[in-house]
Each structure stands twice: as structure tokens, then as C-alpha cells.
Amino acid sequence: KAFGKILAEKDAIRTTIAEARIEITMCRQLCYLAAVMADEIGFKAAQHYIAMIKVAAPRATLKIIDEAIQAHGAHGVSQDCKLPGMWTNMRTLRLADGPDQVHLMTIAKKEIAAMTTGKNSLGRRISGTNPNVEKYGKFSHVEGGALYVSGGGKPSKL
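Residues numbered from 1 in each chain as written. Predicted model: local features only at pLDDT ≥ 70, side-chain atom pairs only at ≥ 80, totals over all residues. Heavy atoms only, no water.

Here's the deal with helix 3 (residues 83-96)
Here comes step 1: In a regular helix each residue adds 1.5 Å, so 14 residues correspond to 20 Å; helix 3 covers 20 Å between its end C-alpha atoms and thus fits that length.
Here comes step 2: Within helix 3 the residues assigned to the buried category are Leu83, Met90 and Arg94. Along the axis of helix 3, the buried residues cluster in a sector spanning 45°; they form a single face. Opposite its buried face, helix 3 presents the exposed residues Asn89, Thr92 and Ala96, each directed more than 90 degrees away.
Here comes step 3: On its buried face, helix 3 sits against helix 2 (47-72) and helix 4 (100-117).
Here comes step 4: After helix 3 finishes, the residue Gly98 shows a positive phi value of roughly 105°. (Helix = DSSP H or I, 4+ residues; strand = E, 2+ residues; numbered from the N terminus. Expected span 1.5 Å × (residues − 1). Buried < 20%, exposed > 50% of the residue type's maximum accessible area, 1.4 Å probe, protein only. Arc of directions from axis to C-beta. Contact = heavy atoms within 4.5 Å.)

So, in C-alpha cells, the structure goes:
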């Protein structure tokens, strides 16, 4: 109890619980997607999906544990509470499979490759292109500036 009410009856705590449920469900779905893609196209081709869950799940877990610590106040960091140990163990586990930066580079390489080969043109189709970019030659002086033009071909070396 806090201020005469059970914590679960407080609006702020309920919001935190709802946010945690959303994070957990998103991670479960991403994990399922990575597993399905690994089964369908093989682990090598699904490497970026696997990297996504390796980043997302530990981040979400740490965030949820941190929110629980916050909700418990000083007790949340005391020796009588299991939350500090959970946070420490999770932080260690987050590094066990390699730092996030390594996984993020795997994801970024795949995204950039898909974008430059035209395999991932959904964003361009949905958001469209700014006609002024092509009309006034914007970004033509920038390496990779071709990505901003409606064709979106491979970046050229200037």
C-alpha cells in the first residue's frame, strides 16, 4: 500500500503495467517473426531479424525492471528487494551475446542493402518523394544522394 491504496489501484502504476504488457507483446511477436524467418529462409538470411530481437528483448526487460524499481521507491534498490539483482543480471545478459552496436550494425547493413537494391521500396512508395529534390538537384553533391531522388538507385561515387 502507498497513500492508503494498493499500488495496482494507482493510475500511474496501471499505466506502467499496460506499457510493460505492450513491450512484452511486441518482443514476443518479434521473437516469433525471427523464428519463422529462420525456419523459412534460413538463419543466415534471417540474421537481421535475430539481431533485432537480441537488441529489443533485453532493452525491454531492463526498462520494465527499471520501472518496477521506480514504482517501489527506496525499497526497489534495497537489499531486501530482488529487483536490483534482476536488473544487474539482465544488464550482464544483455552483453553476453555481444553489444547492441554489433547487432544494430547487422540490422543497418541489411536495411541499407535492401534500400539500395530496391527490395525495400515500401517507404518510398508510401511517403513519396519531394519533387523539389529532383527539380533543384538537391543532394546531388552528396555521396549517396541518388537515394533521395525518385528512382532511388544505387548511390554513385562522385
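After presenting the structure, the write-up continues.
Some remarks on the environment of Tyr49
Here comes step 1: Along the chain, Tyr49 falls in helix 2.
Here comes step 2: Between the C-alpha atoms of Tyr49 and Cys31, which are 18 residues apart in sequence, the distance is 8.2 Å.
Here comes step 3: Other than its neighbours up to four places away in sequence, Tyr49 contacts Leu33, Ala34 and Met37.

Regarding helix 1 (residues 11-41)
Here comes step 1: Taking 1.5 Å per residue as the helical rise, helix 1 with its 31 residues ought to reach 45 Å, and the 44 Å between its terminal C-alpha atoms agrees with that figure.
Here comes step 2: For helix 1, the set of buried residues is Ile13, Ala20, Glu23, Cys27, Leu30, Ala34, Met37 and Ala38.
Here comes step 3: Residues of helix 1 that are buried sit in contact with helix 2.

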